[in-house]
Amino acid sequence: MNAHPLAASQVEQAARIVAPDIARGLMLLLIAIANVSLYLWGHTTDGMSMHPIDGTSFDRALGAVATVFIDARVYPMFAFLFGYGMVQFLESRWRRGVDRVSISKMMLRRHLWLIAFGAVHAVLLFEGDILGAYGLTGLILAPIFLWRTERAMKITVWVVGGLLVGVSLLLVAGLLLLDPVVGPAAWNIESSDLAGSSDDFYSAGTESPLLAMLMRLGFWVLGTPLTVLMLTVPLCVLVGMFAARRRWLEGAPSRISLQTAAIVGLGIAIVAGIPAGLITGGILQVGELAAAGYSVLSMTMGMFGGFGFVALFALVAAKVSVPLRGVWLAIAGVGRRSLSFYLFQSVILSPLLSNWGLGLGEMINTSGAFAIATGVWLLSVALAYLLERSGVRGPAEKVLRRLTYGRFDVLRPASLR
């Protein structure tokens, strides 16, 4: 195929759309809340959730809310927007007359460097890095689908999505059936049977900075390919690519409206997450297999919540006046620099909360952690506003852009940069 499969009218775009930027900006608040509990240490967890269960009732309630509404719902949203951005990247270069071979080389460099960014991020700060998984997914999907027709994407989404959901539901059913105490007797199991220390698995509780680095590296090396093999991230990226072809976030006509996607997607995720949330909140007490089953159910159906959040934020963006001003300009500014501010969260949270740093993660519980995460996001919004007003790119985006373009960025006309 020697030409882009989209019609010429579809690649005409007068200005940068704001919906993905606002969605990414708001998403980073949820990411901060989702990730911050990984920096807490010296606390007891229920064995299925990262949120401590040794705090106050309010702390446990917040953990339950996060389990139902945020955990395993945010990264699918990030993956969707990553796929959406891949198509936007391709089309913007295609409109400027860049040939297919050059675009493919840019994509290859971009995804390889994204993996490198993720590795550095993991080694220095956060083992839960997702950049590596997105870069690896991009390496696989870009050459296969970016130049293919929408039909190829649609068929793959249905096949992979059906396989993922079907296998997950069978696994959940098997775990529930095999649990010897599932049902009424489950209420006799004490939550302490599932309890464990939150610093048994993550580097935040490690006092030695060198050991913490080695733990993070090992976790990332194993977790990155496993995340891709679990198919949720590749599926969400592919759905984002398909949606970008259809201009879905821009409000183009579609069989599935933004309103429908928001209601149905979030509805599925919330209902599927309720049992896991009740376990985290200490209300429902079950056996280990049943708890694992409800956790799998919540995580698998969480991807629908990711789609729902994207649609919800796009609806919000549609109500915002353009050109953007004030707080919306700042939030969109965070979204335009989502890579920089994603890394910025780790730069603040990791040394502040980890045992090898200031160690505050032992002193606070879920409520304090969520407050700090929100504060970091608000600081990001303030910084993004200043960068927007000054017309300055995010530092990580600037570096990635130069590494992506290579010599081509230097040699091409200034009007195309």
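Every value quoted in this text rests on a predicted model; they were computed, and no experiment measured them. (Residues numbered from 1 in each chain as written. Predicted model: local features only at pLDDT ≥ 70, side-chain atom pairs only at ≥ 80, totals over all residues. Heavy atoms only, no water.)

## Structural notes on the overall build of the chain
If you tally the helices and strands in the chain, you get 15 helices and two strands. Across the 417 residues in the chain, those meeting the buried criterion constitute 53%. Of the contacts formed within the chain by residues at least 6 apart in sequence, a portion of 82% connects residues at least 24 apart. Surface exposure of the chain reaches about 18,500 Å², of which carbon and sulfur atoms provide 69%. (Helix = DSSP H or I, 4+ residues; strand = E, 2+ residues; numbered from the N terminus. Buried < 20%, exposed > 50% of the residue type's maximum accessible area, 1.4 Å probe, protein only. Contact = heavy atoms within 4.5 Å. Areas by Shrake-Rupley, 256 points an atom, 1.4 Å probe, with all protein chains shown as cover.)

## Overview of empty space enclosed by the protein
Over the atoms, a rolled probe matching the size of one water molecule traces out where space is still vacant. Per the stated rule, a full pass over the model turns up two cavities of 30 Å³ or more. In this structure, the second largest cavity is lined by L38, Y39, L125, F126, E127, S203, A204, S350 and S354. Taken together, the residues that form the lining of the second largest cavity break down as five nonpolar, three polar and one charged. (1 Å grid on protein atoms, 1.4 Å probe; cavity = no way out; pocket = protein on both sides within 12 Å on 5 of 7 lines; lining within 4 Å. Points joined across faces, edges and corners; volume = space filled by probe spheres on them. Nonpolar A, V, L, I, M, F, W, Y, C, P; charged D, E, K, R; others polar.)

## Comments concerning unusual backbone geometry
Unlike most non-glycine residues, A72 shows phi in positive territory, near 65°. Looking at the element boundaries, A72 is found in the loop between helix 2 (57–69) and helix 3 (74–95). Take A72: its relative accessible area is 32%, and that puts it in the partly exposed class. Phi at R247 is positive, roughly 55°, even though this residue is not glycine. By the element assignment, R247 lies in the loop between helix 8 (232–245) and helix 9 (258–280).

## With respect to the packing of aromatic side chains
Counted by the stated rule, this structure contains twelve aromatic pairs. A ring pair is formed by F78 and Y134, whose centres lie 5.4 Å apart and whose planes are at 70°; its orientation type is edge-to-face. Here F78 is found in helix 3, whereas its partner Y134 is found in helix 5 (residues 131–145), with 56 residues between them in sequence. Classification of Y134 by relative accessible area gives buried; the value is 1%. Site record: aromatic cluster; members linked through ring pairs are F80, Y84, W248, F304 and F307. The residue whose ring lies beneath R93 is F89, and the NZ or CZ to ring-centre distance is 4.1 Å. (Phe/Tyr/Trp six-rings, centres within 6.5 Å; stacked < 30°, edge-to-face > 60°. Lys NZ or Arg CZ within 6 Å of the ring centre and 35° of its normal.)

## Thoughts on the environment of V233
Among the structural elements, V233 can be located in helix 8. Using a relative accessible area of 7% as the deciding quantity, one classes V233 as buried. Sequence-wise, V233 and A79 are 154 residues apart; in three dimensions their C-alpha atoms are separated by 5.9 Å. Excluding its chain neighbours within four sequence positions, the residues that come into contact with V233 are A79, Y134, T137 and T227.

## Comments concerning the nonpolar core
Within the largest apolar cluster, 109 residues are counted, with the highest numbers of intra-cluster contacts made by F80, L249 and Y342. Setting aside residues up to four positions removed in sequence, F80 forms contacts with C236, V237, V239, G240, A243, W248, L249, F307 and V310. I279, L284, V286 and A291 belong to the second-largest nonpolar core, a separate cluster that totals six residues. (Core = buried A, V, L, I, M, F, W, Y, C linked by side-chain atoms within 4.5 Å.)

## Quick notes on the pattern of salt bridges
Scanning all chains against the criterion turns up six salt bridges. Residue R246 is joined to E150 by a salt bridge in which the shortest nitrogen-to-oxygen separation is 2.6 Å. Separated by 96 residues along the polypeptide, R246 in the loop between helix 8 and helix 9 and E150 in helix 6 (residues 150–178) bring together distant segments of the chain. For E388, the salt bridge goes to R336, with nearest N and O atoms at 3.0 Å. Placement of E388 in helix 13 (residues 366–390) and of R336 in helix 11 (residues 326–336) is noted, with a sequence separation of 52 residues between them. It is possible to trace a salt-bridge network through shared partners that takes in D21, R24, R336, R337 and E388. (Salt bridge = Lys/Arg side-chain N within 4 Å of Asp/Glu carboxyl O.)

## Examining the side chain of N35
Relative to the assigned elements, N35 resides in helix 1 (residues 19–36). Assessed through its relative accessible area of 8%, N35 is described here as buried. A polar contact of 2.9 Å, which involves the side chain of N35, links it to the side chain of Y75. Excluding anything up to four places from it in sequence, N35 contacts Y75, F126 and Y342. (Polar contact = N/O pair within 3.5 Å; in protein donor to acceptor, adjacent residues only side chain to side chain.)

## Focus: the side chain of R73
Note that R73 resides in the loop between helix 2 and helix 3. Although R73 is buried, it forms no salt bridge, and the closest oppositely charged side chain is D71 at an N-O distance of 7.4 Å. At 2.8 Å, the side chain of R73 forms a polar contact with the backbone oxygen of D71. From its side chain, R73 meets the backbone oxygen of S298 in a polar contact 2.9 Å long. In contact with R73, not counting residues within four places along its chain, are T67, V68, A269, G273, S298, G302, G305, G306 and F309. (Lys, Arg positive; Asp, Glu negative; His and termini not counted.)

## Here's the deal with helix 5
Between the first and last C-alpha of helix 5 there are 20 Å, a value that for 15 residues agrees with the 21 Å anticipated at 1.5 Å per step. A bend of about 30° at G138 is the largest found in helix 5. For helix 5, the full list of buried residues reads L131, G132, A133, Y134, G135, T137, G138, L141, A142 and F145. Tucked inside the fold, the buried residues of helix 5 contact helix 3, helix 4 (100–124), helix 6, helix 7 (209–229), helix 8 and helix 12 (338–353). (Expected span 1.5 Å × (residues − 1). Bend = angle between axes of the 7 residues up to and from the residue.)

## Focus: helix 6
Over its 29 residues, helix 6 extends 42 Å from the first C-alpha to the last, a length consistent with the 42 Å expected when each residue adds 1.5 Å. Where helix 6 is concerned, the buried positions are E150, M153, V157, G161, L164, V165, S168, V172 and L175. Tucked inside the fold, the buried residues of helix 6 contact helix 5, helix 8 and helix 10 (288–318).

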